[in-house]
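Architecture and fold: a report
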Amino acid sequence: MEKNAKIYVAGHRGLVGSAIVKALLGQGYTNLVMRTHAELDLTSQQAVIAFFAQEKPEYVFLAAAKVGGIHANNTFPAEFIHENLAIQANVIHQSYVNGVKRLLFLGSSCIYPKDAPQPIKEEHLLTGPLEPTNRPYALAKIAGIEMCWSYNRQYGTHFLAAMPTNLYGPGDNYHPENSHVIPALIRRFHEAKVNSQAEVVIWGTGTPKREFLYSEDMAEACTHILGLADRDFASLIAADRNDGIPPILNIGYNEDISIAELAETIKEVTAYEGKIVFDTSKPDGTMRKLMDSSRINHMGWTAKTELKTGLKAAYTDFMNSNVAS
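Anyway, here's the lowdown on the structure attached to this text. (Residues numbered from 1 in each chain as written. Predicted model: local features only at pLDDT ≥ 70, side-chain atom pairs only at ≥ 80, totals over all residues. Heavy atoms only, no water.)

**Considering the overall build of the protein**
Each helix and strand counted, the protein has eleven helices and 13 strands in total. A compact globule built from 325 residues should have a C-alpha radius of gyration of about 20 Å, and the protein, at 19 Å, falls within 12% of that. Taking the principal axes of the C-alpha coordinates as reference, the protein spans close to 60 × 40 × 40 Å. Counting every position in the protein, which comprises 325 residues, the buried fraction comes to 53%. Considering only intrachain contacts with a sequence separation of at least 6, the fraction spanning at least 24 residues in the protein is 82%. For the protein, the accessible area works out to roughly 13,900 Å², and carbon and sulfur atoms hold 50% of it. Taking the average location of the 30 positive side-chain charges in the protein and that of its 35 negative ones, the two points are 2 Å from each other. (Helix = DSSP H or I, 4+ residues; strand = E, 2+ residues; numbered from the N terminus. Rg over C-alpha atoms; globule rule 2.2 N^0.38 Å. Buried < 20%, exposed > 50% of the residue type's maximum accessible area, 1.4 Å probe, protein only. Contact = heavy atoms within 4.5 Å. Areas by Shrake-Rupley, 256 points an atom, 1.4 Å probe, with all protein chains shown as cover. Lys, Arg positive; Asp, Glu negative; His and termini not counted. Charge placed at Lys NZ, Arg CZ, Asp CG, Glu CD.)

**Considering the pattern of salt bridges**
Opposite charge on two side chains allows them to pair when their charged atoms are near. Enumeration over the complete set of coordinates arrives at 13 salt bridges. The closest approach of N and O atoms between E122 and R295, which form a salt bridge, is 3.3 Å. Linking E122 in the loop between β4 (102–106) and α5 (135–155) with R295 in helix α10 (residues 294–298), this pair joins segments that are 173 residues apart in sequence. The exposure class assigned to R295 is buried, which follows from its relative accessible area of 19%. Several salt bridges share partner residues, and in doing so they unite K6, R35 and E55 into one network. (Salt bridge = Lys/Arg side-chain N within 4 Å of Asp/Glu carboxyl O.)

**A short note on the sheet that holds strand β13 (residues 288–289)**
The strand order β11-β8-β13 describes an open sheet built from three strands, whose pairing is mixed. For this open sheet the edge positions go to β11 (257–258) and β13, each flanked by a neighbour on one side alone. Relative to β11, strand β8 (residues 209–210) runs antiparallel, the two sharing two bridges. Within the sheet, the bridge partner assigned to R210 lies in β11 and is I257. (Pairing = 2+ DSSP bridges.)

**Structural notes on helix α4 (residues 77–97)**
Helix length check: α4 (21 residues) gives 30 Å between terminal C-alpha atoms against 30 Å at 1.5 Å per residue, within 8%. Considered for burial, the residues of α4 that qualify are F80, N84, A86, I87, Q88, N90, V91, I92, Q94 and S95. Within two residues after α4, G99 carries a phi angle of roughly 70°, on the positive side. (Expected span 1.5 Å × (residues − 1).)

**Concerning the sheet that holds β4**
One open sheet accounts for six strands, arranged β2-β1-β3-β4-β5-β10; its pairing is parallel. Strands with a single pairing partner mark the edges of an open sheet, and in this sheet they are β2 (32–33) and β10 (248–251). Across two bridges, strand β1 (residues 7–10) lies against β2 in parallel orientation. Bridge assignment links I7 to a residue of β2, and that residue is L32. Packed on one face of the sheet, helix α1 (residues 15–26) meets β1, β2, β3 (59–62) and β4 and runs near 155° to β1. In this fold α5 packs onto β4, β5 (159–164) and β10, with an angle of close to 165° to the strand it touches most, β4. (Axes fitted to C-alpha atoms, helices over the stretch in contact; angles between N-to-C directions.)

**Examining unusual backbone geometry**
Note the cis peptide between Q118 and P119, where omega equals -10°. The phi angle at K56 is positive, at roughly 50°, despite the residue not being glycine. Phi is positive for L126, which is not a glycine, with a value near 65°.

**Some details on the packing of aromatic side chains**
Scanning all chains against the criterion turns up eleven aromatic pairs. Their ring planes at 55° and their centres at 4.6 Å tell us that Y8 and F51 sit as a pair that is tilted. Remark: F51 occurs in helix α2 (residues 45–55) and Y8 occurs in strand β1; sequence separation between them is 43 residues. Both residues of the pair, Y8 and F51, count as buried. Exposure remark for F51: the relative accessible area of 6% places this residue in the buried category. By the ring-pair criterion, three or more aromatic residues cluster together here, those being Y8, F51 and F52. Note that K66 overlies the ring of F80, its terminal NZ or CZ placed 5.3 Å from the centroid. Taking NZ or CZ as reference, R102 lies 4.2 Å from the ring centre of F233, over its face. (Phe/Tyr/Trp six-rings, centres within 6.5 Å; stacked < 30°, edge-to-face > 60°. Lys NZ or Arg CZ within 6 Å of the ring centre and 35° of its normal.)

Structure, rendered in structure tokens:
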């Protein structure tokens, strides 16, 4: 990407989008296009048509999405599938119509089967049933991947999907019920400390293992991918690959940790002194989701932020937010 190329970051206020903007600015890119939800409703076909016709971006990072944890996915399944399908369909199609050079669609590790072999490779997509608790969201993301693949095959576009593992970092959503596990636990342990609560209750058994990636590492991976040489990028989005891999690329940390270990680490970072209790009547979700990130590692990117370091930065961000009490 040329430093003055027009780059549209969809979802620039979210966890991933804000990190991508920071990475791009830090690398000297000067022509970024951004719109808030109030300025541009990406679920509106007419609004997206008008935006692309006016701005004509050359590169697109599609980080806009409706996201949330287990509780949010269980409570709002219709919104999760409808809003994500609408956003993807509008942005991907208009990227084709308006000649976008490269598009990076941000997905999620939940696209893979619940019982996929570990670590999860890109070719494991659609090889088994999904985790029921986030199936609507996962199916929407799978549809986005298939849309990228279909446009590449039919129209010769250069659309790629990045599949990050569980993300955390500055700008996260700390909602007490609808957030992901790390921001939810940061808030819960902090409030327990402030209110001198004797215990913190966590859903599930604590035994599932999860892989976590710092959002700024993820952003560096995204800019690395869209900045690849033509030959390397083309190898990722080839219309008819002999190995059967869709145009997706895993992005992970290459290590995982149990929810119980994660809770103990966040307890330490927040300086909470009470005890941790696990509510085993609540669902665990998928027992393990470790990504195989060897393909992007071989292309010159690896994660560099150690989990405890990242959690300290995330807690500082929470303390500086308007939700910390």
